[in-house]
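Structural overview
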Amino acid sequence: MIEVTELTKVYGSTRAVSGLTFDVKPGQVTGFLGHNGAGKSTTMRMILGLHTPTSGKALINGVRKQDLRDPMREVGAMLDAAEVQGGRSAFAHLQALAYAGGIGRRRVVEVLEEVGLSGVARKRIAGFSQGMRQRLGIAAALLGDPGVLILDEPANGLDPDGIRWLRTMLRSLAAEGRTVLLSSHLMTEMSLTADRLIIIGQGRLIEDVSTADLLARFQSGVLVRSPHAAHLSRALEAAGATIRPAQDAEAGEEPVPGRPAGAGADARSVRDAGGEELLVAGLTAAVIGDIALANGCAVHELVSRRTSLEEAFMEITQ
Ligand SMILES: Nc1ncnc2c1ncn2[C@@H]1O[C@H](COP(=O)(O)OP(=O)(O)OP(=O)(O)O)[C@@H](O)[C@H]1O
């Protein structure tokens, strides 16, 4: 469990983090999102006791990181995978960390296996790709088999296979009851990996929300293409739908509230502005299909149009 309370960090005239309060709970993956410079790394560094807060608190399992009895076994972190000394082998690097934390050699072998680096364990890190360095950083974070994991941009430099591997691993670590906090700029990946999202902007909390709730809030409707768009739109409106031409929807305009059936002008405006494509809100694709059938309207396309996390993120952080 991570608890951040009224956390603030001021660097000279820069307020990097400002009165930030949120919890990161065990048993789920929590994504930490924000534009460049929003304050994510600074917050993570304060949670990890690497920076001192100007004010407020950041606690891991109820205490400050520096007050944890057995820090390596309680929290694992990866902040910057590029920081590692290149002259050593992956094995020697992890063994040195393990030794410092009172962790045995067997665990080094285990984590190398877990991150897929067993085959290159004796190779010098200097020759590692960025993706291999990321895996090594994740191995170091896992060394103490910690209950809390904090990873800054862990997917950086990983190929699609690596990203999928990381997602599966993080989700299974959370399913074991661990607390997992990660930042990433890869929005699609974040929407697949994180159960919950903490979104910050200019050091302040913007959203603390479940990924599903956030996406549901931005759900933009069902795209319908029909050669009988005018007739169909009247029938759908009669059933309580809100309709806007798909072209307007693409331009990000607000929907027009639902109107009564039989409005010829509405059908005309739909036809004029959007041709045969309609964006329908308020009814499911199944209900729209049934209404089309009942009204004898052919449907050539019927697609639930989900707003991506990237679109939702851009909208709420504007
Ligand atoms: N050591 C420092 N001294 C002065 N200013 C700093 C320091 N570290 C961070 N900042 C400033 O604090 C703000 C937040 O930076 P931070 O690195 O925490 O953002 P971030 O969300 O992690 O960004 P990114 O996504 O680019 O990594 C920025 O304006 C940054 O310039």
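Fair warning: this is a prediction, and the values are worked out from it, not measured in the lab.

Moving on, we get to the site of the ligand. The full set of residues close to the ligand is Y11, T14, A16, H35, N36, G37, A38, G39, K40, S41, T42 and H185. One of the backbone nitrogen or oxygen atoms of G37 is found 2.7 Å away from an oxygen atom of the ligand. Here K40 contributes a side-chain N or O atom positioned 2.8 Å from an oxygen atom of the ligand. Relative to its free-state accessible area of 640 Å², the ligand is covered by the protein chains to the extent of 59%. Contributions of two or more residues to the shell around the ligand are made by β2 (14-24) and α1 (40-47). Its residues placed into classes, the shell around the ligand shows 3 nonpolar, 8 polar and 1 charged.

Among the 10 residues of helix α9 (residues 229-238), 7 are classified as buried, and the element is accordingly described as predominantly covered. Listed in full, the buried residues belonging to α9 are A229, A230, L232, S233, A235, L236 and E237. Where α9 ends, the next residue or the one after it, G240, has phi of about 100 degrees, a positive value.

This next bit is on the sheet that holds strand β6 (residues 148-152). The strand order across the open sheet formed by 6 strands is β5-β6-β7-β3-β8-β9, and the pairing between neighbours is mixed. Only two strands of the sheet have a single partner each, and these edge strands are β5 (75-78) and β9 (204-210). On average, adjacent strands in this sheet sit at an angle of 15 degrees to one another, irrespective of strand direction. Of the strand pairs in this sheet, β6 and strand β7 (residues 179-183) are connected by 5 bridges, and their pairing is parallel. Following the sheet pairing, L149 is matched in β7 by V180. Relative to strand β8 (residues 196-201), helix α13 (residues 309-317) is tilted by about 35 degrees, and along the sheet it contacts β3 (28-33), β8 and β9.

All told, the structure shown has 13 salt bridges when counted by the stated rule. The salt bridge involving R178 is made with D145; its shortest N-O contact spans 2.9 Å. Taken together, the residues R178 in the loop between α6 (160-175) and β7 and D145 in the loop between α5 (130-142) and β6 connect sequence positions 33 residues apart. Salt bridges sharing common partners tie together R107, E110, E114, D145, E176 and R178.

Moving on to the nonpolar core. Core analysis: the largest hydrophobic core is formed by 51 residues, its most contacted members being L94, L170, L197 and L214. Per-element accounting of this core gives the leading share, 7 residues, to α6. Built from parts of two domains, this core gets at least three residues from each of domain 1 (2-216) and domain 2 (219-317). Leave out the neighbours within four places in its chain, and L214 touches L197, I199, E207, V209, L309, A312 and I316. Counting 24 residues, the second-largest nonpolar core is a separate cluster that includes I2, F22, L48 and V75.

Another point: the sheet that holds strand β1 (residues 2-11). Spatial ordering of the open sheet is given by β2-β1-β4, a layout of 3 strands whose pairing is antiparallel. The strands lining the two open edges of the sheet, one partner per strand, are β2 and β4 (55-60). Going from strand to strand, the sheet's axes swing by 20 degrees on average, the running direction of each strand aside. As defined by bridge partners, β1 adjoins β2 across 7 bridges and the pair is classed as antiparallel. If you follow I2 over to β2, its bridge partner there is V24.

A few words on the environment of Q134. Within the secondary structure, Q134 is located in helix α5. For Q134 and G157, which are 23 residues apart along the polypeptide, the C-alpha to C-alpha distance reads 7.3 Å. Here P154 takes part through its backbone oxygen, which lies 2.8 Å from a polar atom of the side chain of Q134.

About the thresholds
- Residues numbered from 1 in each chain as written.
- Predicted model: local features only at pLDDT ≥ 70, side-chain atom pairs only at ≥ 80, totals over all residues.
- Heavy atoms only, no water.
- Near = heavy atom within 4 Å.
- Polar contact = N/O pair within 3.5 Å; in protein donor to acceptor, adjacent residues only side chain to side chain.
- Areas by Shrake-Rupley, 256 points an atom, 1.4 Å probe, with all protein chains shown as cover.
- Helix = DSSP H or I, 4+ residues; strand = E, 2+ residues; numbered from the N terminus.
- Nonpolar A, V, L, I, M, F, W, Y, C, P; charged D, E, K, R; others polar.
- Buried < 20%, exposed > 50% of the residue type's maximum accessible area, 1.4 Å probe, protein only.
- Pairing = 2+ DSSP bridges.
- Axes fitted to C-alpha atoms, helices over the stretch in contact; angles between N-to-C directions.
- Contact = heavy atoms within 4.5 Å.
- Salt bridge = Lys/Arg side-chain N within 4 Å of Asp/Glu carboxyl O.
- Core = buried A, V, L, I, M, F, W, Y, C linked by side-chain atoms within 4.5 Å.
- Domains from an automatic or database assignment.

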